[in-house]
Amino acid sequence: MRNSNREGGTVITGIFITFEGIDGSGKSTQLALLRQHMEELGRTVTVVREPGGTVLSEKVRTLLLDHRSMDLCERAEALLFSTARAQLVYELIIPALERGEVVLCDRYAESTIAYQGYGRELPLEEIITLQEFATSHLHPNLKVLLDLDVDVAAARLLGSFADRMESAGLAFQERVRQGYLQMSQAAPNEWLVVNGSQPKEKIAEEVRSFIEQNIFKGS
Ligand code: TMP
């Protein structure tokens, strides 16, 4: 087992962008479009999804999303998401950033803050501290929030497989949405908030031009 502390060890030259939003917000579609655009520009892109991306994290994902298998308590849920993230940061994200790649992540620490902190109403400061520990204080260069009305998002998901999280209900999704909005309002320099109800090509263009102007300026 290797030490996963980052202090003093690593040189990060890549760019780290995360996509956040409630279930049905369209972030996975946008991530795929941005990936395609970046690759067309000749950048090397690593894409990861949360929870998942490593052998350990995929196992944790299966555990977490299977609502039939156990009566998982909320604190255990928060810790499992954070466990999966710690391994993903250590095994994939930091090495890719050290190689100078663009890392696009479908959900990151802010998902646990939004879902387990705001949504499940676990103690917020403790959840935030847990994220600092799990990620070894690795923060994205940009967090893209696809903001969408919960009713619109739920309608999009109708007919699709409702997993453990999605079946938690509209009131829960509304708390998650408000949590994201509060985080982005508290640190506007860290976030790009996009109206997720727009056509997907329009959203993709907004994301691309923001990133070109603010993240890759000069490179
Ligand atoms: P996904 O639909 O983006 O794959 O995410 C699966 C579900 O897991 C989704 O409802 C959000 C939820 N989730 C959390 O509750 N906390 C977390 O930390 C993460 C990464 C996801």
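Anyway, here's the lowdown on the structure attached to this text. (Residues numbered from 1 in each chain as written. Predicted model: local features only at pLDDT ≥ 70, side-chain atom pairs only at ≥ 80, totals over all residues. Heavy atoms only, no water.)

## A closer look at the nonpolar core
Alright, step 1. Among the nonpolar cores identified, the biggest contains 19 residues, and I17, V207 and I211 are the most heavily contacted of them.
Alright, step 2. Breaking this core down by element, the ones donating at least two residues are strand 1 (15-20), helix 1 (27-40), strand 3 (102-106), strand 4 (142-147), strand 5 (191-195) and helix 8 (200-214).
Alright, step 3. Not counting the four nearest positions on each side in its chain, I17 is found in contact with V103, L104, C105, L142, V144 and I211.
Alright, step 4. In terms of nonpolar packing, the next biggest core, distinct from the first, is built from 18 residues, A114, V150, A153 and F172 among them. (Core = buried A, V, L, I, M, F, W, Y, C linked by side-chain atoms within 4.5 Å. Buried < 20%, exposed > 50% of the residue type's maximum accessible area, 1.4 Å probe, protein only. Helix = DSSP H or I, 4+ residues; strand = E, 2+ residues; numbered from the N terminus. Contact = heavy atoms within 4.5 Å.)

## Brief notes about the packing of aromatic side chains
Alright, step 1. In the structure shown here, the tally under the stated rule is 3 aromatic pairs.
Alright, step 2. It is R43 that lies over the ring of F216; its NZ or CZ is 3.8 Å from the centre.
Alright, step 3. Directly above the ring of Y108 sits R85, whose terminal nitrogen or CZ lies 5.9 Å from the centroid. (Phe/Tyr/Trp six-rings, centres within 6.5 Å; stacked < 30°, edge-to-face > 60°. Lys NZ or Arg CZ within 6 Å of the ring centre and 35° of its normal.)

## A look at helix 4 (residues 109-119)
In an α-helix, one full turn covers 3.6 residues, which means residues spaced three or four apart are oriented alike.
Alright, step 1. Of all 11 residues that make up helix 4, 11 are buried, and the element is covered over most of its length.
Alright, step 2. For helix 4, every residue scored as buried is listed here: A109, E110, S111, T112, I113, A114, Y115, Q116, G117, Y118 and G119.
Alright, step 3. Where helix 4 is buried, its residues contact strand 1, helix 3 (74-98), helix 5 (124-135), strand 4, helix 7 (170-186) and strand 5.
Alright, step 4. Two residues or fewer after helix 4 comes E121, characterised by a positive phi angle close to 65 degrees.

## As for the environment of L97
Alright, step 1. For L97, the location among the structural elements is in helix 3.
Alright, step 2. Accessibility expressed as a relative area gives 1% for L97, which makes it buried.
Alright, step 3. Taking the C-alpha atoms as reference points, L97 and V11, separated by 86 residues in sequence, lie 8.3 Å from one another.

## Quick word on the pattern of salt bridges
Alright, step 1. Considering all chains together, one arrives at 14 salt bridges under this definition.
Alright, step 2. Salt-bridge contacts for R175 lead to E121; the nearest nitrogen and oxygen are separated by 3.9 Å. Taken together, the residues span a long stretch of sequence, with R175 in helix 7 and E121 in the loop between helix 4 and helix 5 at a distance of 54 residues.
Alright, step 3. Assessed through its relative accessible area of 30%, R175 is described here as partly exposed.
Alright, step 4. Note that R177 is salt-bridged to D147, the shortest N-O span being 2.8 Å. With R177 in helix 7 and D147 in strand 4, the pair connects residues that are 30 residues apart, well separated along the chain. (Salt bridge = Lys/Arg side-chain N within 4 Å of Asp/Glu carboxyl O.)

## Description of the environment of V194
Alright, step 1. Position of V194 among the secondary structure elements: in strand 5.
Alright, step 2. Take V194: its relative accessible area is 1%, and that puts it in the buried class.
Alright, step 3. Separated by 46 residues in sequence, V194 and L148 place their C-alpha atoms 8.7 Å apart.
Alright, step 4. Excluding its chain neighbours within four sequence positions, the residues that come into contact with V194 are V144, L145, L146, D147, I203, E206 and V207.

## Quick notes on the sheet that holds strand 5
Alright, step 1. Strand order across the open sheet formed by 5 strands is 2-3-1-4-5, with parallel pairing between neighbours. Where the open sheet ends on each side, the last strands, each with one partner, are strand 2 (45-49) and strand 5. Ignoring which end each strand starts from, the neighbouring axes of this sheet average 20 degrees apart.
Alright, step 2. Bridging between strand 1 and strand 4 involves 4 bridges; their strand directions are parallel. Opposite T18, over in strand 4, you have K143 as the bridge partner.
Alright, step 3. In the packing of helix 7 onto the sheet, contacts are made with strand 1, strand 4 and strand 5, and the angle to strand 4 comes to roughly 140 degrees. (Pairing = 2+ DSSP bridges. Axes fitted to C-alpha atoms, helices over the stretch in contact; angles between N-to-C directions.)

## With respect to unusual backbone geometry
Alright, step 1. In this chain, E50 is followed by P51 through a cis amide linkage whose omega measures -15 degrees.
Alright, step 2. Summarising the element assignment, P51 is placed in the loop between strand 2 and helix 2 (55-65).
Alright, step 3. A positive phi angle, near 65 degrees, is found at E121, a position not held by glycine.
Alright, step 4. Given a relative accessible area of 58%, E121 falls into the exposed group.

Fair warning: the whole summary comes from geometry, so function is off the table for now.
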